[in-house]
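Report on the structure
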Amino acid sequence: MSAATATLDHHGAHAHDHSHDHHELGFWRKYIFSTDHKVIGIQYGLSGMVFLLFGFFLMMVMRWTIAYPGEAMPGMMMLTHLPLVGEFFTGWVERWAPGGVVSPALYNMFGAMHGTIMVFFGIVPLGFAAFGNFVMPLQIGTVDMAFPRLNMMSFWFFFISGVIMFGSFLLPTGAVQTGWTMYSPLADTDQMGVKNVWMHGHTWWLLAMVFNISASLLGSVNFITTAINLRAKGLTWFRVPFFTWAMMVTSFLLLLAFPPLEVAALLQLADRVFDASFYLPTGLVDGGKHIDISGGGNPLLYQHLFWFLAHPEVYVLILPAFAIISDVLPCNARRPLWGHKLMIYAALTLAFLSFIVWAHHMYLTGMGTMMSTFFQITTVLISVPSVILLTCLMITLWGGSIRYNTQMLFATAFLPMFGIGGLTGLPLAFTFLDLFLHDTYYVIGHFHYVVAPGTIFALFAGVYHWYPKITGRCMNDFLGKLHFWPSLLFMNVIFGPMLYQGMIGFHRRWYDGGKYFEQVTSGHLWTNEVISFGAWGLALSQVPFILNVFISIKGGKKVTSDNPWGATTIEWAAPNIPPHGNFVTEPVAYRGPYEYSVPGAKSDFTPQFEADAGTPASQAAVAQAHH
């Protein structure tokens, strides 16, 4: 059965149900345990933004101790005076931040959890799960995801994983302190003297990741099945917008790359809880004493399993950003997306190559020259499809009639910011340079240029772009620009100096900012303060956004059209705040997804869901004629 036929059967079988038999659900079924893809997308989006804010807070605490080591952090002692929870925080602060001074253990804890939360609990849920769930079914013209209950289960697995990860801060051991990568044998042996291993932060981290990965796997299967089988009539593969293509490729990456990490977590859990030694070699010594373990394991096995996931994970972070930008740029440049097919092939190539570059993270493990040469070549090769994607988006702007609304500002800023992130990654592809730059702030600056002013700017663009479809109102453009310009400034104040710091030897794990490493840092410690002030300035820059999101729900300007931006893809055929079933009539795709400024057309956009002149204007009539 073809995709179009499957779609027709799906719509035909359920059209009567959606139109007549649907009954109003109660609050819990409608908003909490919902199977509606739109509600689940909003649940993922709000949860992801909460996690991003929390992860950002952890980073700000870290930046304080880097800039002002040994000094009490303002506001830390205020936690002990909070009503109801002040007594708890008194003990917590006394242990981890005595006198308000961030301890090395707390710095390590916040460092490990910052990376974990921002990647697995912030950007992926917001970029992939939230936008994918809300937009993709609308964009391909279907009524819901292929497996609605599986979709609900995916979100609640994610929610459980978040509760476990948050809860680990309250354990006697605190949360994990061994980096977001959780390398063995350090992670396996940290605080081994704890009597109850089930009350250890490392154990909770592993359990949380098992739930988180399971949520992603359930979502991936659902996305792939939906995109293949439930496309609207006429929506052939090359009429499918790049947004949906990118989400489907991202789903395949998650489906293929996450199982090795889940296995790695379960094996590490066995090392911790059941005294196995999958990653623990014989002869480990801690504090001058041999550790009582069975031994025989291999720590490098964990690194291979972790990075086999973690490099495709980079493209799990990036592809949803390109997906969003590919909708926002053509719409606001009033130009077709240049190289639509080329971008699809580039995304598929990127996905394939992402599975054969993982060991460039492991040059320092002592691999042979032949193997390192192979990974150097594949790492350089993977930059080619990335450049193709970026170039196509830049050419799309050429000759356009550009509208610089807020989403377009974020979208255009994404291009050079991602470009800087990509270019600064090329030196790390080569062993002779990586040996010096590995584990320095250069790596931090490179990666964050990709995911902070890169991916996160794209996510902001997406929020501003699809907000009218979600709420029926526009976000305030003045507050949006008040959000954008300081964010752009402070992003570069933070991450630009990090590249410089890394090149002079600043190590990424110095909790005191290199205070006691004068041979490296002499005369350069001022950069720590500049970066830290940039981080706090970036935090203030998000206040207009947060206010804008919530105030605009009721106070934003009402949109008078279901297609306020004059866009061309099928989701704009649905009513604002789409009802159960999404569409009033069955959508049909008559043309490609980016028909902007077509010569001879009556307007500067021709939606793919509108019939050409001389054909039946009613989509229902078209569907009937087909039957």
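The written sequence of each chain sets the order in which its residues are numbered from 1. The predicted origin of the model limits local features to residues at a pLDDT of at least 70 and limits the giving and counting of side-chain atom pairs to 80 or more, whereas totals for whole chains, interfaces and linings rest on all residues. Each side-chain value is derived from all of the structure's non-hydrogen atoms; neither hydrogens nor water enter the calculation.

**Comments concerning the pattern of salt bridges**
Where we set the bar: Salt bridges are defined by distance alone: a side-chain nitrogen of Lys or Arg within 4 Å of a carboxyl oxygen of Asp or Glu. The buried label goes to any residue with under 20% of its type's maximum accessible area, the exposed label to any with over 50%, and the partly exposed label to all in between, with areas taken from a 1.4 Å probe on protein chains only. Put simply, DSSP H or I for four residues or longer makes a helix, DSSP E for two residues or longer makes a strand, and each gets a number counted from the N terminus.
Counted under the stated rule, the structure contains five salt bridges. Salt-bridge contacts for Asp36 lead to Lys38; the nearest nitrogen and oxygen are separated by 3.0 Å. Accessibility classification places Asp36 together with Lys38 in one group, the buried group. One salt bridge connects Asp477 with Lys481, and the closest N-O pair in it is separated by 3.1 Å. Remark: Lys481 and Asp477 occur in helix 17 (residues 477-503); sequence separation between them is four residues, near one turn of the helix. Classification of Asp477 by relative accessible area gives partly exposed; the value is 32%.

**Regarding helix 8 (residues 201-229)**
Going by this rule: Each helix should span, by expectation, one fewer than its residue count multiplied by 1.5 Å.
Over its 29 residues, helix 8 extends 42 Å from the first C-alpha to the last, a length consistent with the 42 Å expected when each residue adds 1.5 Å. A large share of helix 8 lies buried, amounting to 23 of its 29 residues.

**Here's the deal with helix 9 (residues 242-273)**
Counted only if it meets this: Fitting axes to the seven residues that end at a residue and to the seven that start at it, the angle between those axes gives the bend at that residue.
The terminal C-alpha atoms of helix 9 lie 45 Å apart, and with 32 residues this matches the ideal 46 Å at 1.5 Å per residue to within 8%. Phe258 marks where helix 9 bends most, by close to 30°; the proline Pro259 follows one to four residues later. In terms of burial, helix 9 is largely enclosed, as 25 of its 32 residues are buried. Where helix 9 terminates, the next one or two residues include Asp275, which has phi positive at roughly 60°.

**Some points on the packing of aromatic side chains**
As a reminder of what qualifies: Aromatic pairs are defined between Phe, Tyr and Trp rings, using the six-membered ring for Trp, whenever the two ring centres lie within 6.5 Å; interplanar angles under 30 degrees are classed as stacked, those over 60 as edge-to-face, and all others as tilted. By definition, being over a ring means that NZ of Lys or CZ of Arg is both within 6 Å of the ring centre and within 35 degrees of the ring normal.
Enumeration according to the criterion identifies 56 aromatic pairs in this entry. Here the aromatic rings of Trp28 and Phe33 are separated by 6.4 Å at their centres, their planes lie at 25°, and the arrangement is stacked. Residue Phe33 is classed as partly exposed on the basis of its relative accessible area, which comes to 37%. Between Arg231 and the ring centre of Trp237, over which it is positioned, the NZ or CZ distance is 3.9 Å. Above the plane of the ring of Phe238 lies Lys341, whose end atom (NZ or CZ) is 4.8 Å from the centre.

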